[in-house]
Amino acid sequence: PFNPIIVKARVQTHARLKRQSDLLKELAYRDGLTGIPNRRRFEEWAEQELERCSRIGVAVTAIMIDIDHFKLYNDHYGHQQGDQCLINVARILNDVATEQGTGVIARYGGEEFVGLFRTQEESDAIQLADQLVKRVNAMCLPHAKSSTDPNVSISLGACLSGNPGLNNLHDLIKQADDQLYISKTTGRNRAHVTSIEVRGAS
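Small disclaimer: the values here were computed from a predicted structure and weren't measured. (Residues numbered from 1 in each chain as written. Predicted model: local features only at pLDDT ≥ 70, side-chain atom pairs only at ≥ 80, totals over all residues. Heavy atoms only, no water.)

Colleague: How should I be thinking about the sheet that holds strand β2 (residues 103–109) in this particular structure?
Modeller: The strands that make up a sheet are held in pairs by hydrogen bonds between backbone atoms, and each pair lies either parallel or antiparallel. Strand order in this open sheet of five strands is β2-β3-β1-β4-β5, and the pairing throughout is mixed. Of all the strands in the sheet, the pair left with one neighbour each is β2 and β5 (191–196). Pairs of neighbouring strands in the sheet enclose a mean axial angle of 15°, with direction left out of account. Direction of pairing for strand β1 (residues 59–67) relative to strand β4 (residues 154–161): antiparallel, over a ladder of eight bridges. Each residue of the ladder has a partner; that of alanine 62, found in β4, is cysteine 159. Docked against the sheet, helix α6 (residues 169–185) engages β1, β2, β3 (112–119), β4 and β5, running at close to 140° with respect to β4. (Pairing = 2+ DSSP bridges. Helix = DSSP H or I, 4+ residues; strand = E, 2+ residues; numbered from the N terminus. Axes fitted to C-alpha atoms, helices over the stretch in contact; angles between N-to-C directions. Contact = heavy atoms within 4.5 Å.)

Have a look at this one:
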């Protein structure tokens, strides 16, 4: 027989279990320190985003970011301050991503961050990259041991792909990482952006 009290209790139990499940999933996708998406979440989202952009014919820009001289920062200020530095930089990067509304920034590991954004022209990618570098610099977070800048800074590499449908995520990140290397070897506290033609068709 139908018992409203039992039905209501079962509905409440299932609703509570669903909320708990959603919370656990959300926690699994968030970086435990900075609170922004983690590498696992980024890679799952980015694969789907590349597929969407391919369908609608929108270009994308992959970004790799590294905090300049972060080991020296950690050694000088201590790991607790180092963690706070990561939190502050992540917040700034995430704020820019939220303002753009066309992509995601995630923590890739250690002091590295990764991003993927919808873009139209190389000039858009350059503007975005420069904005990220300048916004972190504008925090004016002292870095006494940096040979690059008296404040915490980042180096950034970006790769604009005009045809995301013919590029996989690994290729895009590799290209962006190559540009990051150029930024780091040519002075740091800067962005280096490139664009690629159709690649990776098989």
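Now that the structure has been shown, we can carry on.
Colleague: Help me out: how do you make sense of helix α5 (residues 122–137) in this one?
Modeller: Quick reminder: α-helices carry 3.6 residues per turn. Residues three or four places apart thus point the same way. With 16 residues, α5 extends 23 Å between its outermost C-alpha atoms, agreeing within 8% with the 22 Å of an ideal straight helix rising 1.5 Å per residue. For α5, every residue scored as buried is listed here: Ala125, Leu128, Ala129, Leu132, Val133 and Val136. For α5, the angular spread of buried residues about the axis comes to 130°, placing them on one side. The exposed set on the far side of α5, more than 90 degrees from its buried face, consists of Gln127 and Lys134. Among the structural elements, β1, α4 (79–100), β3, β4 and β5 are those in contact with the buried residues of α5. (Expected span 1.5 Å × (residues − 1). Buried < 20%, exposed > 50% of the residue type's maximum accessible area, 1.4 Å probe, protein only. Arc of directions from axis to C-beta.)

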